Amino acid sequence: MFAEVLMNSTAKELNKTFDYIVPKDLEEKVKVGARVFVPFGRSKISEGIIMSLKKHSEFANKEIIKIEDDFLSKESIDLANIMARRYFCNVSDCVKLMLPPGSNGKKISNRVKEKTATYVYLKKNIEEIEFDKSVGKLKSEKQIRIIDLLISNDGLPIQDLEIITETSRDIIKRLEKNKYIEFVEKQVERNPFENKKVERDKPLELTQEQKEAFNKVNCSNFKQFLLYGVTGSRKNRSISSTNRKCNKEK
């Protein structure tokens, strides 16, 4: 399998695709829109994006080094091509607009890392734990408090576990050392609006001039209007966001 890769470059000479061999161990991950690292130039590693896949190539002689976990959809790739033709720019410039912040570094080591958190899970089964309690092998009140919370929850972030049980990191690590629990690093999905309350905008009250303009636009058979006014006066937003019906004169 071969991939046509577009380089992440603003140079006009590089506004085209280059063929690369897809290694066998990466064939399951490869897809159109995937971001990849490839050898390019003299011992240089560059970032690119797969624009298409094909079974044969007369030019490919180097392999893809790494495939990123995230990718752009085929629709995004098509949109980037349309934008490049319309605005006479490189396709890679349009692709960059669709990538998340901090993900455009050309060096792998400089890329923004996904946020991870340490989760705590039970390692021993409940029967063994209850037996250790009965024979006095597990008798620390704080350790038992941690164990009981984990029994009723399928894994917890270590910070939450400390706060809820009012214990320290050392006590939790001691349980890990005695093989009652285990630590697992998990990727955290970050949602910037998770704790943010967004209130719906209320319809704006139009000024007299805006009312007259709105009625002329809404009552007319014309499809397009050019509104005159001071730049930054929000005349378009004020009129369009009111969602009013036409007020025809009787």
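Residues numbered from 1 in each chain as written. Predicted model: local features only at pLDDT ≥ 70, side-chain atom pairs only at ≥ 80, totals over all residues. Heavy atoms only, no water.

1. A word on the sheet that holds strand E6 (residues 116-122)
Then comes step 1: If you walk across this open sheet you meet the three strands as E7-E6-E8, and the pairing is antiparallel. Looking at the sheet topology across the chains shown, the edges are occupied by strand E7 (156-157) and strand E8 (181-187).
Then comes step 2: One ladder, built from two bridges, connects E6 with E7; its direction is antiparallel. In the strand pairing of E7, Val 120 is matched with Leu 156.
Then comes step 3: Contacts between helix H4 (residues 141-151) and the sheet are confined to E6, E7 and E8, with E6 contributing the most and set at about 95° to the helix. (Pairing = 2+ DSSP bridges. Helix = DSSP H or I, 4+ residues; strand = E, 2+ residues; numbered from the N terminus. Contact = heavy atoms within 4.5 Å. Axes fitted to C-alpha atoms, helices over the stretch in contact; angles between N-to-C directions.)

2. Points about the nonpolar core
Then comes step 1: Grouped together as the largest cluster of nonpolar side chains are 15 residues, with contacts concentrated most on Leu 161 and Ile 181.
Then comes step 2: Breaking this core down by element, the ones donating at least two residues are H4, helix H5 (158-165) and helix H6 (169-177).
Then comes step 3: The dominant element in this core, judged by the number of residues it contributes, is H4, at four residues.
Then comes step 4: In contact with Leu 161, other than residues within four places in its own chain, are Val 120, Ile 146, Leu 149, Leu 150, Leu 156, Thr 167 and Ile 172.
Then comes step 5: With 13 residues, the next largest nonpolar core counts Ala 3, Ala 34, Val 36 and Ile 50 among its residues. (Core = buried A, V, L, I, M, F, W, Y, C linked by side-chain atoms within 4.5 Å. Buried < 20%, exposed > 50% of the residue type's maximum accessible area, 1.4 Å probe, protein only.)

3. Side note on the packing of H4 against H6
Then comes step 1: Their axes nearest at 10 Å, the elements H4 and H6 cross at an angle of 75°. The orientation of H4 with respect to H6, classified from their angle, is roughly perpendicular. Here Lys 142, Gln 143, Ile 146 and Ile 147 of H4 come into contact with H6, specifically with Ile 171, Ile 172, Arg 174 and Leu 175.
Then comes step 2: Split into classes, the residues belonging to the contact of H4 with H6 amount to five nonpolar, one polar and two charged. (Parallel < 35°, antiparallel > 145°, perpendicular 65-115°, else oblique. Nonpolar A, V, L, I, M, F, W, Y, C, P; charged D, E, K, R; others polar.)

4. Quick look at the packing of aromatic side chains
Then comes step 1: According to the stated counting rule, one finds one aromatic pair in the structure shown.
Then comes step 2: Looking at Lys 124, its charged tip hangs above the ring of Tyr 180, at a distance of 4.3 Å from the centre.
Then comes step 3: The ring of Tyr 119 has Lys 186 sitting right over it, with the charged end atom 4.5 Å from the ring centre. (Phe/Tyr/Trp six-rings, centres within 6.5 Å; stacked < 30°, edge-to-face > 60°. Lys NZ or Arg CZ within 6 Å of the ring centre and 35° of its normal.)

5. Examining unusual backbone geometry
Then comes step 1: Of note in the backbone geometry, Glu 166 takes a positive phi value of approximately 55° without being a glycine.
Then comes step 2: One can find Glu 166 in the loop between H5 and H6.
Then comes step 3: In this structure, Lys 179 takes a positive phi of about 65° despite not being glycine.
Then comes step 4: Note that Lys 179 resides in the loop between H6 and E8.

6. Quick look at the pattern of salt bridges
Then comes step 1: Under the definition given, this model contains 11 salt bridges.
Then comes step 2: The salt bridge involving Glu 27 is made with Lys 24; its shortest N-O contact spans 3.9 Å.
Then comes step 3: Judged by relative accessible area, Glu 27 falls into the partly exposed class, the value being 25%.
Then comes step 4: Given the relative accessible area of 71%, Lys 24 is considered exposed. (Salt bridge = Lys/Arg side-chain N within 4 Å of Asp/Glu carboxyl O.)

Read these as spatial facts, not as claims about activity.
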